[in-house]
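# Structural characterization, general
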Amino acid sequence: MALSAALPASPVRAGDAAAGLEIARTWCAACHIVDETQQSGSAAVPTFAEIAGRPDFDEKTLGEFLADPHPKMPDMALTRGEIDNLGAYIAQLAP
């Protein structure tokens, strides 16, 4: 029992940034500029680098946003793992 008290209450999920880039290219690149090789995106939405550079950027908050579909974005129906991967990719773009 003492050992269980020393363990975190919930597991920390670490996303795979490389897999997140592939998800971004598949689902997000139609609107967002997702990496430095992409030539165009919608001017009405921020680039992934801009999202990562926001002072209030947080992977957990991003994950919650992506898990709850919004009218401005298509319902991508991403799994929890895919959301974690996408968040890890965006987080690595922070300056």
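Structure report, in brief. (Residues numbered from 1 in each chain as written. Predicted model: local features only at pLDDT ≥ 70, side-chain atom pairs only at ≥ 80, totals over all residues. Heavy atoms only, no water.)

### Focus: the pattern of salt bridges
Evaluated as defined, the whole model comprises four salt bridges. The partner of R80 in a salt bridge is D84, and the shortest N-O contact between them spans 3.2 Å. Highlighted residues: R80 and D84, both in helix α5 (residues 80-92), separated by four residues, approximately one helical turn. (Salt bridge = Lys/Arg side-chain N within 4 Å of Asp/Glu carboxyl O. Helix = DSSP H or I, 4+ residues; strand = E, 2+ residues; numbered from the N terminus.)

### Section: the side chain of N85
Relative to the elements of secondary structure, N85 occurs in helix α5. The buried category is assigned to N85, whose relative accessible area is 16%. Filtering out sequence-adjacent residues up to four positions away, N85 remains in contact with G15, D16, A17, A19, G20 and I23. (Buried < 20%, exposed > 50% of the residue type's maximum accessible area, 1.4 Å probe, protein only. Contact = heavy atoms within 4.5 Å.)

### Observations regarding the environment of G87
Relative to the assigned elements, G87 resides in helix α5. Given a relative accessible area of 3%, G87 falls into the buried group. Those residues in contact with G87 that sit more than four places away from it in its chain are F57, E59 and L62.

### Remarks on the packing of helix α2 (residues 17-28) against α5
Orientation of α2 relative to α5, taken along the N-to-C sense of each, is 100 degrees, at an axis distance of 7 Å. Comparing their axes, α5 and α2 come out roughly perpendicular. Residue-level inspection shows A17, A19, G20, L21, I23, A24 and C28 of α2 in contact with α5, the latter providing E82, N85, L86, A88, Y89 and Q92. Considered class by class, the residues forming the contact of α2 with α5 number nine nonpolar, three polar and one charged. (Axes fitted to C-alpha atoms, helices over the stretch in contact; angles between N-to-C directions. Parallel < 35°, antiparallel > 145°, perpendicular 65-115°, else oblique. Nonpolar A, V, L, I, M, F, W, Y, C, P; charged D, E, K, R; others polar.)

### Digging into the packing of aromatic side chains
Under the counting rule described, the total for this entry stands at one aromatic pair. Ring centres of F48 and Y89 lie 6.5 Å apart, and the angle between their planes is 50 degrees; on these two criteria the pair is classed as tilted. Of this pair, F48 sits in helix α3 (residues 48-53) while Y89 sits in helix α5, and the two are 41 residues apart along the sequence. Both residues of the pair, F48 and Y89, belong to the buried class. (Phe/Tyr/Trp six-rings, centres within 6.5 Å; stacked < 30°, edge-to-face > 60°.)

### Examining the nonpolar core
With 18 residues, the main nonpolar core has A24, F48, L86, Y89 and I90 as its most contacted residues. Once residues within four sequence positions are removed from consideration, A24 is found in contact with A29, V34, F48, L86 and Y89. (Core = buried A, V, L, I, M, F, W, Y, C linked by side-chain atoms within 4.5 Å.)

### Some thoughts on the environment of A29
Take A29: it is sitting in the loop between α2 and α3. For the pair A29 and F48, spaced 19 residues apart in sequence, the C-alpha separation works out to 9.6 Å. Apart from residues no more than four positions distant in its own chain, A29 is found in contact with A24, V34, Q38 and S40.

### Digging into α5
Count 3.6 residues to each turn of an α-helix, and residues three or four apart come out pointing the same way. Helix length check: α5, at 13 residues, gives a terminal C-alpha distance of 18 Å against a target of 18 Å (1.5 Å per residue), a fit within 8%. The inward-facing, buried residues of α5 abut α2, α3 and α4 (59-67). (Expected span 1.5 Å × (residues − 1).)

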